[in-house]
Amino acid sequence: MSEALDEFTLMDRPEKNDPLGVLFWICLGWLGLNIFGAVFANLLPLPDPNFGNYSAINASPGLHHLLGTDDLGRDIFSRIVFGSRVSLAVGAGAMIIGFGIGAPLGMLAAYRRGRFDAILTALMYVLLAFPAIIATIAVLSFWTPRALLKIIIVIGLASVPVVYRVIRTATMNIATKDYVIAARIQGATDRRILFKELLPNVAPIGVSFLLIGVATVVILEGALAFLGLSVNPPTPSWGNMINESRTVMAQNPWLVIFPSLAMCLLLLCLNFIGDRLRSHFDVTEVKL
Amino acid sequence: MLLAIVFVVSVGSFYLIHLLPGDPAVVILGTGDNPHNRAVLYKELGLNKPIWDQYFIWMKNIVRGNFGTSFISQTSVASTIRAALPIDVELIVLSQILAFAAAIPAAMRSARHPDGPLDRLLGATSFTLLSIPPFIIIVLLVLFIAIKLQIPHTGPSSYVSLASDWVGNLESLALPAFTLAIASFVVYYRVLRSDLIATLQEEFITLARSKGLSSRRIMWRHAFRPSSVALLGTAAVNIGGLLAGGFVVQYLLAIPGLGYTLIAAIAQSDYLLVQGIVLVVSVGVIAINFLFDFFINLIDPRISRE
């Protein structure tokens, strides 16, 4: 019986997948490099990101300081690598919370339907109407003292309704497919249908949305840093770096340009990987 | 639905003060903490009553337009908001004019020849722009235009009010409006393009073609209206996002709109002002969403019939 089910699943897959292309792998490599740098920043041969070398203030990019130093003589390359920790931790952490709560609820609601779905969906739409960015700014400005974990929790919770909506829509599209109905007729348990039929088909949509979600959160963290609501200086984060260097950017524009570049490249890669995956798995029904 | 949402938003905004550690009175009064102010505040907010009574007292005041008086700046929160709000509205209107003026023709051209050279170029450009956050765009614009080229009124802290000099006002809002327009352009272009391509597959377009109508007339008269539904829906969500996105841009250029005021209030721990702005902006965003829903029904009556 299970062979028959597998065949159904196989048959329904789109036959010609959009190839991923070289750029996809380059982006994946860059993302991997960013994650590697963030995880192993302590072990890498980098100068202390908070050590101010007063004999080398505003140094240009060169051998001693790969990307130069800032107005306090701190190594920019090292600060960018350490700063990626904040961006990636907030991005990944918030999405773990958002998906951890939103995805199971979305799948369950789409599969069960009925009153459970109706109440939950109404609630999520009410929450969705509340502008998430305002809510985040508001809660973070009142919830003192500031800490990385609080930022992650607040952004994570704010993303739950969006994740819920995407996963619910995606699951509903799949739950009405013939192979799911066939499985149900054959007497498969709810658990089996959820994990063996729905999850593998919702997962690609989830992953591509997850990456775009991480990109959105990275931007949000940057904006919070500008408002002074992200991690406290001198802890390096890309947003903090750009924000702190604004006042001296006429003298040393590199201070603004390098962290901006780091952030844009990461965002470009996340968006590109997410977009390619989405068209690779040919998901047109889900509007992000 | 609208009432439910406004209720949730108001409870949320009200409850913010209670997220603060310690006695709310101490925090709200800040540097203005003295027995007289304390007595006034207790009376105004009913702080010694149960929390639900406090909410109703607060709500009653809000409905009457009384957002309280900041004990830090000694000015009424409502008048501060009234002074700042028009700047946000002007900024958003300007940015939306720019974004629509660029996105609609661009999407029309792209949709006419999908996967053509122009479509690919616009697609790649919009994708790249999608990955540049507004705060980076504004910082780079200031660096090149205000600092390197020395264009007047474009740098930080050079806001000119509309009442005093409208040319200077437009100059001082040019960079932030452009920055916000870029973010909107990308979203509008992508949504309208894919909708136009879908609409152009429909039978009534084939019919219009077979009648020998010009391709220009088909695009504007037949394809644009049914395709603009998702565009309007997106615009509603986007303008809500812009209010918040505009905060950072305003802050960086010290343009005294709501965003700048909000951030200054956060820095000074002026919590009544923060609470007031959060409430006004949230309700504004929700109102915009409902307004656009209404427009969408006008444009495509099929939706309300469903």
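Calculation rules
Counting of residues starts from 1 at the beginning of each chain's written sequence and follows it residue by residue. Each chain takes a letter, starting from A, and each ligand takes a number, starting from 1, following the order in which they are written. Under the rules for a predicted model, residues below a pLDDT of 70 receive no local features and side-chain atom pairs below 80 are neither given nor counted, while totals for whole chains, interfaces and linings still include all residues. Hydrogens and water molecules were not included; the side-chain quantities draw on all heavy atoms of the structure. Here a strand is any run of E in DSSP of at least two residues, a helix any run of H or I of at least four, and the numbering for each starts at the N terminus. Note on exposure labels: buried denotes an accessible area under 20% of the residue type's maximum, exposed denotes more than 50%, and partly exposed covers the range between, all computed with a 1.4 Å probe on protein chains only. In this analysis, two residues are considered to be in contact whenever any of their non-hydrogen atoms come within 4.5 Å of each other. Using a 1.4 Å probe, accessible areas were evaluated by the Shrake-Rupley method; residue-level cover was limited to the displayed protein chains. Two parts placed together each lose some accessible area under a 1.4 Å probe, and adding up what both lose gives the buried area. We define a salt bridge as a side-chain nitrogen of Lys or Arg found within 4 Å of a carboxyl oxygen belonging to Asp or Glu. As used in this structure description, the phrase polar contact means that two N or O atoms lie within 3.5 Å; if the pair is within protein, one of them must be able to donate a hydrogen and the other to accept it, and residues adjacent in sequence are counted only when both atoms belong to side chains. To estimate the expected span of a helix, count its residues, drop one, and scale the result by 1.5 Å. Among the buried residues, those of types Ala, Val, Leu, Ile, Met, Phe, Trp, Tyr and Cys that are joined through side-chain atoms within 4.5 Å form a nonpolar core. Classification of ring pairs rests on two measures: the distance between centres of Phe, Tyr or Trp rings, Trp counted by its six-membered ring, which must be within 6.5 Å, and the angle between planes, read as stacked under 30 degrees, edge-to-face over 60 and tilted in between. Here an angle of 0 to 180 degrees is reported between the N-to-C directions of two axes, which are lines fitted to C-alpha atoms, with helices fitted over the stretch in contact. Roughly parallel means an angle under 35 degrees; roughly antiparallel, over 145; roughly perpendicular, 65 to 115; everything else is oblique. The residue classification treats Ala, Val, Leu, Ile, Met, Phe, Trp, Tyr, Cys and Pro as nonpolar and Asp, Glu, Lys and Arg as charged. All others, Gly included, are polar. Looking at any residue, its pLDDT shows the predictor's confidence there, from 0 to 100.

Description of the overall build of chain B
So, step 1. Secondary structure assignment for chain B yields 13 helices and zero strands.
So, step 2. Helices and strands appear in chain B in the N-to-C order α-α-α-α-α-α-α-α-α-α-α-α-α.
So, step 3. Evaluated residue by residue, chain B yields a buried proportion of 47% over its 306 residues.
So, step 4. Within chain B, counting contacts between residues at least 6 apart in sequence, those at least 24 apart form 70% of the total.
So, step 5. As displayed, chain B has an accessible area near 14,700 Å², and 66% of this comes from carbon and sulfur atoms.

Section: the interface of chain A and chain B
Buried accessible area, meaning the area lost when the parts come together, often serves as the stated size of an interface.
So, step 1. In this complex, chain A contributes 37 residues to the contact, which on the side of chain B involves 42 residues.
So, step 2. The junction of chain A with chain B conceals about 3,500 Å² of combined surface from both sides, 84% of it contributed by carbon and sulfur atoms.
So, step 3. If you look at where chain A meets chain B, you find one salt bridge.
So, step 4. For the salt bridge of A:D275 with B:R190, the shortest nitrogen-to-oxygen distance reads 3.9 Å.
So, step 5. Linking chain A with chain B are one residue pair in polar contact (both at pLDDT 80 or more), by the criterion used here.
So, step 6. Every element with two or more residues in the side of chain A that touches chain B is listed here: α4 (114–129), α5 (132–142), α8 (190–226), α9 (238–245) and α10 (254–280) of chain A.
So, step 7. In terms of residues, the side of chain A that touches chain B owes the most to one element, α10(A), which gives ten residues.

Some thoughts on helix α7 (residues 134–148) of chain B
So, step 1. Here α7(B) spans 20 Å end to end across 15 residues, near enough to the 21 Å set by a 1.5 Å rise per residue.
So, step 2. B:Q150 lies just past α7(B) and shows a positive phi near 55°.

Thoughts on the pattern of salt bridges
Residues and elements named next belong to chain A.
So, step 1. All chains considered together, the criterion is met by eight salt bridges over all chains.
So, step 2. E244 is the salt-bridge partner of R74, the closest N and O atoms lying 3.4 Å from each other. Of this pair, R74 sits in the loop between α2 (22–39) and α3 (76–112) while E244 sits in helix α9; the two residues are 170 residues apart in sequence, bridging distant segments of the chain.
So, step 3. We note a salt bridge from R168 to D117, for which the minimum N-O separation is 2.8 Å. Residue R168 is found in helix α6 (residues 148–175), and its partner D117 is found in helix α4; the two are separated by 51 residues along the sequence. Taken as a pair, R168 and D117 share a single burial class, namely buried.
So, step 4. Because the salt bridges share partners, they merge into one network encompassing R74, R79 and E244.

Quick word on the side chain of B:S126
So, step 1. Within the secondary structure, B:S126 sits in helix α6 (residues 117–130).
So, step 2. Aside from chain neighbours lying at most four places away, what touches B:S126 is B:V186, B:Y189 and B:R190.

Brief notes about unusual backbone geometry
So, step 1. With a phi close to 70°, B:D115 is a non-glycine residue in the positive phi region.
So, step 2. Note that B:D115 resides in the loop between α5 (77–112) and α6.

Comments concerning the nonpolar core
Note on soluble globular proteins: their nonpolar side chains tend to be buried together.
So, step 1. Among the nonpolar cores identified, the biggest contains 157 residues, and A:L198 and B:F135 are the most heavily contacted of them.
So, step 2. Here this core gets 17 residues from one element, more than from any other, and that element is helix α10 (residues 215–253) of chain B.
So, step 3. The residues touching B:F135, leaving out its near neighbours within four places in the chain, are A:I219, A:G222, A:A223, A:F226, A:I242, A:M263, B:V248 and B:L252.
So, step 4. Among the nonpolar cores identified, the runner-up in size contains five residues, and A:A109, A:M124, A:V160 and A:Y164 belong to it.

Observations concerning the packing of aromatic side chains
So, step 1. Scanning all chains against the criterion turns up ten aromatic pairs over all chains.
So, step 2. Taking 5.0 Å as the distance between ring centres and 50° as the angle between the ring planes, the aromatic pair formed by A:F36 and A:F40 counts as tilted.
So, step 3. On the accessibility criterion, A:F40 (35% relative accessible area) is partly exposed.
So, step 4. For the pair B:F7 and B:Y55, a centre-to-centre distance of 6.3 Å together with 85° between the ring planes defines the contact as edge-to-face. Linking B:F7 in helix α1 (residues 2–19) with B:Y55 in helix α4 (residues 51–63), this pair joins segments that are 48 residues apart in sequence.
So, step 5. A relative accessible area of 42% means that B:F7 is categorised as partly exposed.

Observations concerning the environment of B:I104
All names here are of chain B.
So, step 1. The residue I104 is located in helix α5 in this model.
So, step 2. Note on I104: relative accessible area 15%, which makes it buried.
So, step 3. When the C-alpha positions of I104 and R193 are compared, they lie 8.6 Å apart, and in sequence the two are 89 residues distant.
So, step 4. Beyond its immediate chain neighbours, meaning those up to four positions away, I104 contacts L192, W220 and F224.

Points about the packing of helix α7 (residues 178–185) of chain A against α8(A)
Angle between the axes and distance between the axes: these two values describe a pair of packed helices.
Residues and elements named next belong to chain A.
So, step 1. Running from N to C, α7 and α8 cross one another at 175°; their axes reach a closest spacing of 11 Å. Compared by their axis directions, α7 and α8 come out roughly antiparallel. The residues of α8 that touch α7, namely those facing Y179, V180, A183 and R184, are I193, E197, L198 and N201.
So, step 2. For the contact of α7 with α8, a count of residues per class yields five nonpolar, one polar and two charged.

A word on the confidence of the model for chain A
Residues and elements named next belong to chain A.
So, step 1. Summarising the model, chain A shows a mean pLDDT of 80, and 88% of its residues fall at 70 or more.
So, step 2. Contacts from residues 1–15, a stretch scored under 50 in pLDDT, to residues over four places away or in other chains number 13 contacts.
So, step 3. The model gives residues 284–288 a pLDDT under 50, and that stretch makes eight contacts with residues more than four places away or in other chains.

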